[in-house]
Each structure stands twice: as C-alpha cells, then as structure tokens.
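Secondary and tertiary structure notes
Each chain, letter by letter, is given below.
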Amino acid sequence: MALKGIDVSVWQGNIDWSRAGKAVDFAILRGGYGKTLDAQFQNNVSGTSKYNVPIGVYWYSYANSVSDAYVEAQACIAAIKGKKLAYPVFYDIEEQSIYAKGSVFITQICEAFFNTLKQAGIKKLGIYSSASPLSTYFDKHLLSKYDVWVAHYGVSKPSYSGEYTMWQYTATGSIPGIDGNVDTNYCYKDYTGNGTQSAVMSASEFLSNDAAMLSSISPDMIDAESIKADRELTAALIERLIDRIEVSHDKQITVCYRFQSEFENYVEVLKQCRNM
C-alpha cells in the first residue's frame, strides 16, 4: 500500500502542521537550492517534528560544475545537521542547463554531491527528476545506485520504466493547513521501518569525542557525558575490536565488529557500561 506525502518549500508559506500532519504520511522538505537555505526550512522542520511527521529533504541543484555540486552538498549538510530524517536526502535535478551538459556531467555532479553526504554519515540518498529526463539524460548505472523519485503528472503511472520508490503525481494537490496548491506524492517504500539516519564514527571517535563534538552531530542523540568515564583505558583496545559504531537519532547503537563472533559479548558489556 502506497504512503501519501507532500513536498514543500517557501512557496507554501507558513504551514499549519497541526492540520497538514494529520492528512499525510510523510513530508519532503526543501532544504535549499544552490548554496542558499530555503526560507521556510527551519519552520517546516519544527512543525513536522512537533506533530510527528516523518521527513526527508530535497536540495535543488543549479550546479554548472562539479565544484558547484560540492558546494551544494556542503550547504545541504549544514542545513540538515542535527535533523531527524527518516526519508532520504534527494538531489533535485531539473535545470535545462544541467540536462544540456549530458549524462556524464549529471553523473559527475550527482556522485560529487552524494559522496560528500556519505562522508558526513548520510546513508539514505536519492535522485529527483521528471520521467522524461530520467529516461533521457541519466545514466542507468547511476540510477541503480540511488533511490529514484520521479515526477509525472496526469497519468495513471509514470512513463519512466526504471525502478522508483516515490512518485510525484500532481503539483496541484490540496492539503488542510496549506494555502494553495502543493506537490503530492506516493511512496512505495517504508523508509521509517529501517529507523532514522545514523551518525557513523570509528570506535576511537566514539570514545574520545567530547560533549561539544557529539552534540554537533545531533543535540539530542547521545548523552555525551556518559561515555567519558575511563575512556582512556579502553580506547586503544576497543579500536582493535570494532570497525565503526553507528548511533541513530533515537540512540540505538549498531556496532560493526572486526571479528563479529569473538567479541560480541565484550561489546555488549561495553554498551551497558556506557549507559547508552
């Protein structure tokens, strides 16, 4: 069964999320465009959080070069820092000037954008574009690596023949709490079933980062003080046992062991000691 959601930006003005949140299953918020933050992004993040609407983010690209894509990625990372995202971060490719540069260029800017986000620990990533450009200008291998959000209006299903997880089926939707039209979507993947996005860190980073660093990852993610005690005594040993640690926004820990079977019990004791 498809989930129903909306994507919104400054063009929807001040949204009454107490009403809109009851009418949708999710919302994709425009984080920004180019290197500019969307003027309503923070308000929309606050509103969706208050009324428990799962969110993702899209970033509209104006990239004319690979370096532009890196700049857009850094702006996106700054915007979503500390935000609780259940849905992906989508790179929005719509500009004709980008299509005109061809599929190789589009692949280059997409990979530059996504690789930069991956380095920041963002795992859920996707591409947004209309059905015809997706079929014409995008490399199939690129599209196979990321979730695809396709736009196609006035049809029973998109003409795009590749796989997609979301379909923007109209730009003239009507939702309580929003004045005027709003883009409306179906989602065919349960993104919330896999938890929220995680911060990824090495074992030594997990043990040695101070409270300020941990808070910068997400203010409410970890009680940083709880992992400070005796960290100097265990950091060197733990680094040998654990490849990396992922801490989700709901404080769930995933430990990726170097030697899974041998050290599971030890790590369970460690987690209990750290009061996570």
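Before any of the text, the structure's been laid out above.
We now turn to the structure provided with this report.

Scoring rules and cut-offs
Residues numbered from 1 in each chain as written. Predicted model: local features only at pLDDT ≥ 70, side-chain atom pairs only at ≥ 80, totals over all residues. Heavy atoms only, no water. Salt bridge = Lys/Arg side-chain N within 4 Å of Asp/Glu carboxyl O. Helix = DSSP H or I, 4+ residues; strand = E, 2+ residues; numbered from the N terminus. Buried < 20%, exposed > 50% of the residue type's maximum accessible area, 1.4 Å probe, protein only. Phe/Tyr/Trp six-rings, centres within 6.5 Å; stacked < 30°, edge-to-face > 60°. Lys NZ or Arg CZ within 6 Å of the ring centre and 35° of its normal. Contact = heavy atoms within 4.5 Å. Polar contact = N/O pair within 3.5 Å; in protein donor to acceptor, adjacent residues only side chain to side chain. Pairing = 2+ DSSP bridges. Axes fitted to C-alpha atoms, helices over the stretch in contact; angles between N-to-C directions. Left-handed = near helix turned anticlockwise from the far one by under 90°. Nonpolar A, V, L, I, M, F, W, Y, C, P; charged D, E, K, R; others polar.

Considerations on the pattern of salt bridges
Counted under the stated rule, the structure contains three salt bridges. Linking Glu111 and Lys145 is a salt bridge whose minimum nitrogen-to-oxygen distance equals 2.5 Å. Taken together, the positions of Glu111 in helix H5 (residues 102-119) and Lys145 in helix H7 (residues 140-145) put the pair 34 residues apart, joining distant regions of the chain. Exposure remark for Glu111: the relative accessible area of 15% places this residue in the buried category. The salt bridge involving Asp147 is made with Lys189; its shortest N-O contact spans 3.4 Å. Of this pair, Asp147 sits in strand E7 (residues 147-151) while Lys189 is found in the loop between strand E9 (182-187) and strand E10 (198-201), placing the two residues 42 residues apart along the sequence. Looking at Asp147, the relative accessible area reads 18%, which means it is buried.

Thoughts on the packing of aromatic side chains
Counted according to the given criterion, the structure contains 16 aromatic pairs. Here the basic side chain of Lys101 rests over the ring of Phe105, its NZ or CZ set 5.3 Å away from the ring centre.

A word on the environment of Asn14
You can see Asn14 is positioned in the loop between strand E1 (3-8) and helix H1 (17-23). Asn14 sits 164 residues away from Ile178 along the chain, and the two C-alpha atoms are 7.7 Å apart. Not counting the four nearest positions on each side in its chain, Asn14 is found in contact with Gln40, Asn43 and Gly177. Polar side-chain contacts of Asn14 include one of 3.1 Å to the side chain of Gln40.

Focus on the pairing of strand E8 (residues 166-173)
E8 sits mainly inside the fold: six of its eight residues count as buried. Where E7 meets E8, three bridges bridge the pair, whose relative direction is parallel. Note on E8: the bridge partner recorded for Val150 is Trp167. As paired strands, E8 and E9 are joined by five bridges and run antiparallel to one another. Note that in E9 the partner of Trp167 across the bridge is Tyr186.

Things to note about the environment of Lys84
Mapped onto the secondary structure, Lys84 falls in the loop between helix H3 (66-80) and strand E5 (89-92). Take Lys84: its relative accessible area is 53%, and that puts it in the exposed class. Sequence separation between Lys84 and Val45 is 39 residues; the distance between their C-alpha atoms is 8.9 Å.

Some thoughts on unusual backbone geometry
One non-glycine residue with positive phi stands out, namely Asn52, at about 55°. In this fold, Asn52 is placed in the loop between helix H2 (41-50) and strand E4 (55-60).

Considerations on the packing of H3 against H5
Where H3 meets H5, the axes come as close as 8 Å, and the angle between the chain directions of the two elements is 30°. Read as a crossing pair, H3 and H5 show a hand that is right-handed. Seen from H3, the contacting residues are Val66, Ala69, Tyr70, Glu72, Ala73, Gln74, Cys76 and Ile77; seen from H5, they are Phe105, Gln108, Ile109, Ala112, Phe113, Thr116 and Leu117. Considering only residue class, the contact of H3 with H5 consists of eleven nonpolar, three polar and one charged.

Some points on the environment of Ser129
Relative to the assigned elements, Ser129 resides in strand E6 (residues 125-130). Ser129 sits in the buried class, given a relative accessible area of 0%. The spatial distance from the C-alpha of Ser129 to the C-alpha of Trp149 is 6.7 Å, given a sequence separation of 20 residues. When sequence neighbours within four positions are dropped, the list of residues in contact with Ser129 reads Ile93, Tyr99, Leu134, Phe138, Trp149, Val150 and Ala151. A distance of 2.7 Å separates a polar atom in the side chain of Ser129 from a polar atom in the side chain of Tyr99.

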